[in-house]
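For reference, the chains in residue letters:
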2 protein chains.
Amino acid sequence: MGVWFLSLLFFFLCSKVRSELIPSLPGQHGHLSFRQYSGYIVTDAEHGRALFYYFVECSSNEDVLHPLTLWLNGGPGCSSLGFGAFMENGPFQPGENGTLIKNPYSWNIESHMLYLESPIGVGFSYSNTSKDYIDWNDTQTAEDNYRFILKWLEEFPQFKDCDFFLAGESYAGHYIPQLAALLVEHNKNPNVEPVNLKAIALGNPLLDLDISVLAGDYLWSHGAISDETLFLEKTVCNDSKYMREYVHSQWSQGCNDVFNRVADEVSLDVGFDDLLLPVCTSSSNVEQFKVRSIYSAVGKREKKGDPCLTGRIFTYLNKPEVQKALHANTTHLPFHWDFCLGPLVYQEENIDMNLIPLVSNLIKKGIPVLLYSGDQDAKIPLTQTRIIANNIAKELNLSPFSNYGTWYDQKQVGGWTQSFGGADANGKNVTNLTFATVRGAAHEVPFTSPSQALTLFHSFVNGIPLPRPSS
Amino acid sequence: MGVWFLSLLFFFLCSKVRSELIPSLPGQHGHLSFRQYSGYIVTDAEHGRALFYYFVECSSNEDVLHPLTLWLNGGPGCSSLGFGAFMENGPFQPGENGTLIKNPYSWNIESHMLYLESPIGVGFSYSNTSKDYIDWNDTQTAEDNYRFILKWLEEFPQFKDCDFFLAGESYAGHYIPQLAALLVEHNKNPNVEPVNLKAIALGNPLLDLDISVLAGDYLWSHGAISDETLFLEKTVCNDSKYMREYVHSQWSQGCNDVFNRVADEVSLDVGFDDLLLPVCTSSSNVEQFKVRSIYSAVGKREKKGDPCLTGRIFTYLNKPEVQKALHANTTHLPFHWDFCLGPLVYQEENIDMNLIPLVSNLIKKGIPVLLYSGDQDAKIPLTQTRIIANNIAKELNLSPFSNYGTWYDQKQVGGWTQSFGGADANGKNVTNLTFATVRGAAHEVPFTSPSQALTLFHSFVNGIPLPRPSS
């Protein structure tokens, strides 16, 4: 009976997997050295909640157990499919005329990549219970994501033994530590199969409203605001106070005046995501509108990171044949796929939550943390994430392993970095916390700096230091 | 006799001009819509001092009197031929295999451009009196440059009526105001032909050691130094103190320690000229050496501004056939042409001179000033030049004409700007002072941001505001 049962289980699993296999995506050309899957995982059958994922196997042919990485974008309420997979570190980016362009710096060179549209209301993920869309919060996101992982690993049991990593950016600074904490708790339970969580990576993350979003000095030192406006930020209303007023709906005239002034000086034609990226000047109004609303940026300057890409992604993911190939939108959602701003009403007070104690706690529990920062981002400036890294190191009594200094990618400086840690029980040095900037990179680091981002990711999943001058 | 004399003079002038005409430069292809001249002007016959110039006529065919701009690079002791003409805003840049590439953003689209190798000891300029090379100073530079202009205009009398502009960068923040002051004095003399000096432009200029070079906050906010090092800069030794110790040869261990630390953190592979530009990874050791020593910079990132260009310029300007075509090195200098660091020993104490009062004085005397800043430069950060602009505006009681905000180049944000001025005797608004950043630009603005730089220059020589959102 045991053999019969296992055979049936194997058949069930394989047929399930087969149904979610993507033979080919519209616009995709040539033979691939990896398989792609996508579909839904039901996280709450009663409510009809289903989270959409896009999974890309590692493209490396090495006969080893590759790591598995779950990628999450932020928002709250932004799509990991649109940003992470098709704009940042996935295997393809939509080109002109519906083609897909291979991304030579895709993170699936290093790891199996699992992109999750989370929470419900984001992209193709949904709930059949209307009230789920009202007042959703971080705790629910973490719990749904946790259920997703366990069920996904049940459906793809061949990846259960992989080293498991969580990576993401921006508001994923909330999602990932909370999810990681649930997984750490899960693993304490002797009656469950543990999830091999090895480390987490947070790019330009929102961690603490008091620190993360303070951008006055950053904008001033990058030329984007004047002396007078910086003075107003320091005396009348800073970014933390402004955002706190915003999320708690307690408006003050002083804050509004300062932030209208900041917005005027920085200009709508410069994206806070990246002070250097040009705006898309495509003649397509649809593209132009999408790009400006989601990812506004400016400046005549050659740079990796095509500012018109978001427009093409929007078009691509809304094509019926693409949705069909992705096994997406099977319930025919009453709205189109979008980068952010779906039907979900998130509890905005959650933005005002300090995640630093949770990150510290994860480190204490043996989960190494990488905090990285695209240095052109004014939303969550590198200066602020660095302050948080230093504070955590101090609080946990972690020692810097070497001086703050440059790291390298392809014979060029990729950015600056510092790692912190200490000796483990066996006296061996263990890195608990790494801070790294990515030179010239946007809020979405792999978008503008794909090669540097892949080098960073290589170090992260291999648990090795970033290449330094002496290495 | 009058007619005879004039004919003879005309013949003399024309033959002189003809002899300095460049029929073609090695590597140059195609028909040009402008003429080029180069050669020497003797500024002191007794000492045998001769300054080398390269002059490019305006390429515009419009039948108007084009402006004439004298361009000066800094150092002290760096070449306007190598930097200004062949790397930044001249009509050509050396390509591979000895070719010359047309620069579509050459400033001679707007103005006749006169590049001067100044002072003696720089590039092809020389003195036959050895002691001239010892302890040369700003005053001597200004006087020699002044003599140069008067004599050059005598040799090229057809440009005497042009509106005359001075532009340059870095240590030209010393050269240009001092030269402008001599020209303003000159014009007071009723017995001389006045020089039509209209305005001066100073890019990333050294103006005051107490302000201009303070880079701690800038480097910190760009990720290049750590919290601890910024703290040391604020408490132990800042850049002004360090440079003052350096130029007065009064070394302190504290300053040396801090600056070794800054240098280690920023790294030799990142140029202070531009925190984002990659280093040249050409296999040619000669090029590599030249690039690293003169213009070190780093970071895998697409950007205008070819980091290997300096190597090609060095090779090009040292070719005998190029020197012959340029009428250069006619006295066979005992050293090769170089970007900087010739045989000249400059009085380094001059670096510690505050030029702000002189700039203010020029404004008071009716000479408008443009202070512009490539925003990736850590040598003279934009933040510091902006402080100086604001201080001057305050001291002279100049009003800002509009809010600090973006300016545009080709539908993209070129940078941020603010202009200051007041009403003239007739009640008409006059711009006396303009501050402008150039987004993504190096210390050498036209090198990395040629299109933006040309737009900036267009506004400058036409005395019109930079394109703003509303324009």
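Analysis parameters
Residues numbered from 1 in each chain as written. Chains lettered and ligands numbered in written order. Predicted model: local features only at pLDDT ≥ 70, side-chain atom pairs only at ≥ 80, totals over all residues. Heavy atoms only, no water. UniProt positions renumbered as here; feature names shortened; annotations may be inferred. Buried < 20%, exposed > 50% of the residue type's maximum accessible area, 1.4 Å probe, protein only. Helix = DSSP H or I, 4+ residues; strand = E, 2+ residues; numbered from the N terminus. Pairing = 2+ DSSP bridges. Polar contact = N/O pair within 3.5 Å; in protein donor to acceptor, adjacent residues only side chain to side chain. Contact = heavy atoms within 4.5 Å. Disulfide = S-S within 2.5 Å. Buried area = accessible area lost by both parts, 1.4 Å probe. Salt bridge = Lys/Arg side-chain N within 4 Å of Asp/Glu carboxyl O. Nonpolar A, V, L, I, M, F, W, Y, C, P; charged D, E, K, R; others polar. Axes fitted to C-alpha atoms, helices over the stretch in contact; angles between N-to-C directions. Parallel < 35°, antiparallel > 145°, perpendicular 65-115°, else oblique. Left-handed = near helix turned anticlockwise from the far one by under 90°.

- As annotated in an unreviewed UniProt entry, chain A is Carboxypeptidase from Gossypium darwinii.
- Recorded in UniProt for chain A, the comment headed Subcellular location (unreviewed entry) runs: "Secreted".

Structural notes on the pairing of strand S16 (residues 429-438) of chain A
Residues and elements named next belong to chain A.
For step 1, the next point in the chain: Burial runs high along S16: 7 of the 10 residues are buried.
For step 2, the next point in the chain: As judged from the 6 bridges shared by strand S12 (residues 369-374) and S16, these two strands associate in the parallel manner. Each bridged residue has a counterpart across the sheet, and for Leu371 the counterpart in S16 is Phe435.
For step 3, the next point in the chain: Between the antiparallel neighbours strand S15 (residues 412-423) and S16 lie 5 residues, among them Gly427 with a positive phi of about 80°.

Structural notes on the side chain of Gln36 of chain B
Residue and element names in this part refer to chain B.
For step 1, the next point in the chain: Here Gln36 is to be found in strand S1 (residues 36-44).
For step 2, the next point in the chain: For Gln36, a relative accessible area of 1% corresponds to the buried category.
For step 3, the next point in the chain: Looking at Gln36, its side chain comes within polar contact range of the side chain of Tyr54, at 2.5 Å.
For step 4, the next point in the chain: Beyond its immediate chain neighbours, meaning those up to four positions away, Gln36 contacts Glu20, Leu21, Ile22, Leu25, Gln28, Tyr54, Phe55 and Phe92.

Observations regarding the state of the cysteines
Structurally, a disulfide amounts to a covalent bond that connects the sulfur atoms of two cysteines.
Residue and element names in this part refer to chain B.
For step 1, the next point in the chain: Under the definition given, this model contains 6 disulfides over all chains.
For step 2, the next point in the chain: Bridging Cys237 to Cys255, the disulfide has an S-S length of 1.8 Å. Around the S-S axis, the bridge from Cys237 to Cys255 shows a dihedral of about 85° and counts as right-handed. Taken together, the residues Cys237 in the loop between helix H6 (227-235) and helix H7 (239-247) and Cys255 in helix H8 (residues 253-266) connect sequence positions 18 residues apart. The residues Cys237 and Cys255 share a single accessibility class, namely buried.
For step 3, the next point in the chain: Sequence-ordered numbering of the bonded cysteines in chain A yields a pairing of 1-6, 2-3, 4-5.
For step 4, the next point in the chain: In this structure Cys58 is not part of a disulfide, and its nearest cysteine sulfur, from Cys162, lies 9.4 Å away.
For step 5, the next point in the chain: A relative accessible area of 3% means that Cys162 is categorised as buried.

Notes on the environment of Leu230 of chain B
For step 1, the next point in the chain: Tracing the chain through its elements places Leu230 of chain B in helix H6.
For step 2, the next point in the chain: Here Leu230 of chain B is in contact with Gly216, Asp217, Trp220 and Ile225 of chain B, once residues within four sequence places are set aside.

Some details on the interface of chain B and chain A
For step 1, the next point in the chain: Counting residues at the interface gives 49 residues for chain B, matched by 48 residues for chain A.
For step 2, the next point in the chain: Between chain B and chain A, the buried area comes to about 4,200 Å², and carbon and sulfur atoms account for 51% of it.
For step 3, the next point in the chain: Where chain B touches chain A, the interface holds 2 salt bridges.
For step 4, the next point in the chain: For Asp227 of chain B, the salt bridge is made with Arg386 of chain A, and the minimal N-O distance between the two is 3.5 Å.
For step 5, the next point in the chain: In this assembly, chain B and chain A are joined by 22 residue pairs in polar contact (both at pLDDT 80 or more).
For step 6, the next point in the chain: For the side of chain B that touches chain A, the secondary structure elements donating two or more residues are helix H5 (216-221), H6, H8, helix H13 (382-395), strand S14 (405-409) and strand S15 (412-423) of chain B.
For step 7, the next point in the chain: The leading source of residues in the side of chain B that touches chain A is H13 of chain B, at 5 residues.
For step 8, the next point in the chain: Partitioned by chemical class, the residues of the side of chain B that touches chain A number 18 nonpolar, 17 polar and 14 charged.

Here we look at the pairing of S15 of chain B
Residues and elements named next belong to chain B.
For step 1, the next point in the chain: Most of S15 sits inside the fold, with 10 of its 12 residues counted as buried.
For step 2, the next point in the chain: Looking at chain direction, strand S13 (residues 399-400) and S15 are connected through 2 bridges and run antiparallel. What sits directly across from Ser399, in S15, is Gly421.
For step 3, the next point in the chain: Here 5 bridges tie S14 to S15, and the two strands are oriented antiparallel to one another. Paired with Asp409 across the bridge in S15 is Gln412.
For step 4, the next point in the chain: Between S14 and S15, which pair antiparallel in sequence order, lie 2 residues; one of them, Gln410, sits at a positive phi of approximately 50°.
For step 5, the next point in the chain: Of the pairings in the sheet, the one linking S15 to strand S16 (residues 429-438) comprises 7 bridges and is antiparallel in character. By the bridge assignment, Gly422 is partnered in S16 with Val430.

Examining the packing of helix H3 (residues 138-155) of chain A against helix H4 (residues 172-188) of chain A
Residues and elements named next belong to chain A.
For step 1, the next point in the chain: Relative orientation of the contacting elements H3 and H4 amounts to 55°, with a least axis distance of 9 Å. Here H3 is positioned oblique relative to H4, judged by the angle of their axes. H4 is crossed by H3, and the crossing has right-handed handedness. In contact with Asp138, Thr139, Thr141, Ala142, Glu143, Asn145, Tyr146, Ile149 and Leu150 of H3, H4 contributes His174, Tyr175, Gln178, Leu179, Leu182, Leu183 and His186.
For step 2, the next point in the chain: When its residues are assigned to classes, the contact of H3 with H4 shows 8 nonpolar, 6 polar and 2 charged.

So, the pattern of salt bridges
Residues and elements named next belong to chain A.
For step 1, the next point in the chain: The tally for this structure, following the rule as stated, stands at 35 salt bridges over all chains.
For step 2, the next point in the chain: Lys234 serves as the salt-bridge partner of Asp217, at 2.9 Å between the closest nitrogen and oxygen. A residue pair is termed long-range when its members are at least 10 positions apart, and Asp217 in helix H5 (residues 216-221) and Lys234 in helix H6 (residues 227-235) qualify at 17 residues.
For step 3, the next point in the chain: Note on Asp217: relative accessible area 38%, which makes it partly exposed.

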